[in-house]
Amino acid sequence: MEDKNKCLLFHGGAKTVPNPEIRTTRYTKDFGYGFYCTRLEEQARKWCYRKSKIGFVTSYMYAPNVELNIKQFVENDEWLDFVADCRKGKLHEYDVVEGPMADDQIWDFVDDYLDGNISREEFWGIAKFRHPTHQISFHTEQALQSLVYVSHVEVRRDC
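A few points on the structure. Along every chain, residues carry numbers that run from 1 in the direction the sequence is written. Only residues with pLDDT of at least 70 get local features here, since the model is predicted, and only at 80 or more are side-chain atom pairs given and counted; chain-wide, interface and lining totals rely on the full set of residues. Derived side-chain values reflect all non-hydrogen atoms in the structure, with water molecules and hydrogen atoms excluded from consideration.

**A few points about the nonpolar core**
Step number 1: Only buried residues count toward a nonpolar core. Its members are Ala, Val, Leu, Ile, Met, Phe, Trp, Tyr and Cys residues joined through side-chain atoms within 4.5 Å. Relative accessibility decides the category of a residue: with a 1.4 Å probe and only protein chains considered, values under 20% of the type maximum give buried, values over 50% give exposed, and everything between is partly exposed. By size, the foremost hydrophobic cluster in this structure holds 18 residues, and its most contacted members are Phe31, Trp79, Ile106, Val110 and Phe123.
Step number 2: Runs of E in the DSSP output that reach at least two residues are strands. Runs of H or I that reach at least four are helices, and both are numbered from the N terminus. Only α2 (77-87) and α3 (104-114) provide two or more residues apiece to this core.
Step number 3: With six residues, the top contributor of residues to this core is α2.
Step number 4: In terms of nonpolar packing, the next biggest core, distinct from the first, is built from 14 residues, Leu9, Cys37, Tyr62 and Phe138 among them.

So, in structure tokens, the structure goes:
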């Protein structure tokens, strides 16, 4: 019998990633340090192009493990507070976090909110998500075990 909770996820980057791992980078991300994927293949393609004209989209089958501590967000104050805390370097205890992504435009508004330049109400007044975004981040080794490598494809940006 097929598990209806399974879904295909994509990771975009400079290399293929058949064996995901959690890496600490020099800057904090929306949901903190972790391994990030998306359900949106086009979004993963865009992630490939952050530093290069060539990249790879790696795909995984994801089967959520109900024994893990999983947090799912929608665009609301709880999401904004969580992203703000993670951007400040605050750690959390979730194995998996899923929700909208603060893209380049939204990122600037989050920074304005963090710096106290705009209020929460002003943030929501100007931070309109123009297109669907999605991210799911894996923060523990147990969480990474819920991903099974499927394939990868090379992508090139047309210039």
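**Looking at the sheet that holds strand β7 (residues 147-156)**
Step number 1: Pairing between two strands is assigned when DSSP locates at least 2 bridges connecting them. Here three strands make up an open sheet; going across it, the order is β1-β3-β7 and the pairing antiparallel. Where the open sheet ends on each side, the last strands, each with one partner, are β1 (7-13) and β7. Each strand axis lies, on average, 25° off the axis of its neighbour in the sheet, ignoring direction.
Step number 2: In terms of strand pairing, strand β3 (residues 54-62) meets β7 through nine bridges, oriented antiparallel. Residue pairing for β7: serine 59 is matched across the bridge by serine 151. Axis definition: a line fitted to C-alpha atoms, limited for helices to the stretch in contact. Angles are taken between N-to-C directions and run from 0 to 180 degrees.

**Structural notes on the sheet that holds strand β4 (residues 70-72)**
Step number 1: Taken in spatial order, the four strands line up as β2-β6-β5-β4 in an open sheet, and their pairing is mixed. In this open sheet, the two strands that pair with only one neighbour each are β2 (35-37) and β4. Recorded for the sheet is a direction-independent mean angle of 15° between the axes of neighbouring strands.

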